[in-house]
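Understanding the architecture of this molecule
Okay, here's what each chain looks like letter by letter:
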Amino acid sequence: MRVSDFDFELPEELIALRPARPRDAARLLVIGPDENALADRTVRDLPSFLEPGDLLVFNDTKVIPARLFGTRTRGEATAKIEVMLHRRVSASEWRAFLRPAKKLAPGESISFPGGLSATVEEKAEGGEAGLRFSLSGPALDAAIAVAGEMPLPPYIARKRATDEADLADYQTLHAAEPGAVAAPTAGLHFTPELMAALEARGVHTVRLTLHVGAGTFLPVTAEDTDAHKMHAEWGEISDTEAAAINAARAAGRRIVAVGTTSLRLLESAADAQGVVHPFARETSIFITPGYRFRAVDILMTNFHLPRSTLFMLVSALRSTGEMKRAYAHAVASKYRFYSYGDACLIYGGAT
């Protein structure tokens, strides 16, 4: 498919720079089971669109301060380097995006505040590199926590600096497992009050872990979807979680993925019959129209970038035409877009 098929117009002023307060006050566009059925609601209304016994699947990954600013020294010359960690390789190694990457050669080092340093082991396309840090394991995690800052998406970071509010705003209520360099943003809308209302409705919940990588923000530069390469992300589903998901499906209950990250991991772990298996490895699943969903019935997600892999994913859940019409409605109705923006609830999915 042509990547241009997934383009649409979005006014710059609709890109949210701060979340709604309280979080569940965000708007919710419900894309119902009937073709082109749209309803304008708020996230607080979510329980009314779910049935007792439905299973909400959350991603409990926790965002780490993955944006680092360091210095490369070459003789008398120095250069400022921005490092965006995106995937841990070992106790002391990370894959990262460097900017400007041309200022570094393999074997050179980057010094960070607090005495931390990293050596460039090799460089790849698109400014990506392999880094080996001077510390390892928990000591490295602690040093990154001191030297790094919350990795706000580029479309926010270009417009304002990261601040103290982002430390809480860019974490979900369910954040527990450190390792993400981007938030699973659909989860940002949930509050203790909303969770209590869902429990009162008889909705069940389960958590899995997908450590979201910085590749989620990379533009699709290929002209055809077949030529695009997805970056791998680490995911885990335990025996207990898989059993709960399979029991819900066997009982005829709906599986509702909170976020595209939860959906991608569920679909990665499901077999052809829709049975979800325990999972502990990387996934680079790329979902485009024509994909047959096996594990997910409904998706709650934020609004995504034009020409992005995530807009392709939601177009697979319904159709490209339907999603473009829904997004046009959202634009006309002044919904707020992207990570700190509003949400939509999309019916469709598993057959």
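Our subject is the structure that appears above.
Residues numbered from 1 in each chain as written. Predicted model: local features only at pLDDT ≥ 70, side-chain atom pairs only at ≥ 80, totals over all residues. Heavy atoms only, no water.

This next bit is on the overall build of the protein chain. What the protein chain contains, in helices and strands, is eight helices and 17 strands. On C-alpha atoms alone, the protein chain measures out to a radius of gyration of 20 Å, which is about the 20 Å that the 2.2 N^0.38 rule sets for 351 residues. Oriented by its inertia axes, the alpha-carbon framework of the protein chain measures out at about 65 × 45 × 40 Å. Classification of the 351 residues of the protein chain by burial places 54% in the buried group. (Helix = DSSP H or I, 4+ residues; strand = E, 2+ residues; numbered from the N terminus. Rg over C-alpha atoms; globule rule 2.2 N^0.38 Å. Buried < 20%, exposed > 50% of the residue type's maximum accessible area, 1.4 Å probe, protein only.)

A word on the environment of threonine 225. The residue threonine 225 is located in the loop between strand E12 (204–210) and strand E13 (233–237) in this model. Setting aside its immediate chain neighbours within four residues, threonine 225 contacts Met1, Val3, Phe6, Phe286, Thr288 and Met312. (Contact = heavy atoms within 4.5 Å.)

If you trace the nine strands from one edge of the open sheet to the other, you get E2-E1-E17-E16-E14-E3-E12-E13-E15, paired in mixed fashion. Looking along the sheet, the strands with just one partner apiece sit at the ends: strand E2 (38–42) and strand E15 (279–283). Between one strand axis and the next, the sheet turns by 25 degrees as a mean value, whatever way the strands run. In terms of strand pairing, strand E1 (residues 27–31) meets E2 through five bridges, oriented antiparallel. The residue bridging leucine 29 from the neighbouring strand is aspartate 40, located in E2. Across the sheet, helix H7 (residues 309–317) touches strand E16 (298–302) and strand E17 (343–347), and the angle it forms with E16 is around 150 degrees. Contacts from helix H8 (residues 320–332) reach E1, E2, E16 and E17 within the one sheet, and its direction differs from that of E1 by about 150 degrees. (Pairing = 2+ DSSP bridges. Axes fitted to C-alpha atoms, helices over the stretch in contact; angles between N-to-C directions.)

The next subject is the nonpolar core. Counting 63 residues, the largest nonpolar core has Ile237, Leu266, Val276 and Phe337 as the members making the most contacts within it. With residues near it in sequence (within four places) discarded, leucine 266 still touches Val57, Leu208, Ile237, Ile245, Ile255, Ala257, Val276, Ala295 and Val296. The next biggest cluster of nonpolar side chains, apart from the first, holds 28 residues, and it includes Ala66, Trp94, Phe112 and Leu131. (Core = buried A, V, L, I, M, F, W, Y, C linked by side-chain atoms within 4.5 Å.)

Another aspect to go through is the pattern of salt bridges. Counting across every chain of the model gives 24 salt bridges. Salt-bridge contacts for aspartate 24 lead to arginine 44; the nearest nitrogen and oxygen are separated by 3.1 Å. One end of the pair, aspartate 24, is in the segment before E1; the other, arginine 44, is in the loop between E2 and strand E3 (55–59), with 20 residues separating them in the sequence. The exposure class assigned to aspartate 24 is buried, which follows from its relative accessible area of 6%. The class of arginine 44 is partly exposed, set by a relative accessible area of 46%. Here glutamate 267 ties to arginine 294 by a salt bridge, and the two come within 3.9 Å at their closest N and O atoms. Note that glutamate 267 is positioned in helix H6 (residues 260–269) and arginine 294 in the loop between E15 and E16, a separation of 27 residues in sequence. A cluster of three or more residues bridged by salt bridges with shared partners is formed by Arg18, Arg160, Asp163 and Asp166. (Salt bridge = Lys/Arg side-chain N within 4 Å of Asp/Glu carboxyl O.)

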